[in-house]
Amino acid sequence: MLREAFWDIIEAAKEDSQGNILVQVDLIKEQVVELSPDEICSFSRMFHSLYYQSYGMPLWDEVRRLAGSCSDDGFDYFRAWLIAQGEKVFSLVVAQPRKYLGEFFDLAVHECEPLLYVADQAYQQKTGREMPKTFLCPTCKEEVSVSEVVEHSALGEACQTCADEYSEMEEQQLLDHM
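The paragraphs below set out a description of the structure included in this document. Being a predicted model, the structure only gives us computed values, none of them experimental.

### A short note on helix 5 (residues 72-84)
An α-helical turn contains 3.6 residues, so any two residues separated by three or four positions project in the same direction. With 13 residues, helix 5 ought to run about 18 Å at 1.5 Å a step, and its terminal C-alpha atoms sit 19 Å apart, in line with that. Along helix 5, 10 of the 13 residues are buried, which leaves the element largely enclosed by surrounding structure. Within the span of helix 5, buried status applies to Gly74, Phe75, Tyr77, Phe78, Arg79, Ala80, Trp81, Leu82, Ile83 and Ala84. Count one or two residues on from helix 5 and you reach Gly86, which has phi positive near 105 degrees.

Rendered as structure tokens:
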């Protein structure tokens, strides 16, 4: 699943939910369950890639400042909420939490734990089985865990090793053209 398709699902559900985060999660799940099992896994990998990308002390500190406190679990649920806000909000807030989070933060609703389980539930509903916890990297064909997933525009979804190798190749190509 390409990044754009992932965000299309998130943002269409957000628009149709009329601001109700639980309705949004249900709408996301309805769309995800219509995907093939491989696409559901891809949705999960994209979600986790963004989820891990959003982990950082500057963002956590800003959530603590605005909310008054934020536990480990609370920060997990917040990051799911942040993804549910759509690509623009997610990108702005992750890049500069101090500058942008206050514009979008709602003290009453700033967590979305159910979004963490959408892909797993959709896969279970679609196949009757649990979603695999590892997958074959499309580039190197090695088995990698979800936590090793990175999204890279040139490779699609690939393991960290492949993304690192690609970055080195890209850097060398840039140097060759200078």
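### A closer look at unusual backbone geometry
We note that Gln18 has phi near 55 degrees; this positive angle belongs to a residue other than glycine. Relative to the helices and strands, Gln18 is located in the loop between helix 1 (3-17) and helix 2 (21-33).

### A word on the packing of aromatic side chains
Tallied over the full model, the rule gives 11 aromatic pairs. Centroid distance Tyr55 to Trp60: 6.0 Å. Interplanar angle 65 degrees. Geometry classified as edge-to-face. Since its relative accessible area comes to 6%, Trp60 is described here as buried. Taken together, the aromatic side chains of Tyr55, Trp60, Phe75, Phe78, Trp81 and Phe105 make up a single cluster linked through ring pairs. Taking the ring centre of Tyr51 as reference, the NZ or CZ of Arg79 above it sits at 3.8 Å.

Conventions and cut-offs
Residues numbered from 1 in each chain as written. Predicted model: local features only at pLDDT ≥ 70, side-chain atom pairs only at ≥ 80, totals over all residues. Heavy atoms only, no water. Helix = DSSP H or I, 4+ residues; strand = E, 2+ residues; numbered from the N terminus. Expected span 1.5 Å × (residues − 1). Buried < 20%, exposed > 50% of the residue type's maximum accessible area, 1.4 Å probe, protein only. Phe/Tyr/Trp six-rings, centres within 6.5 Å; stacked < 30°, edge-to-face > 60°. Lys NZ or Arg CZ within 6 Å of the ring centre and 35° of its normal.

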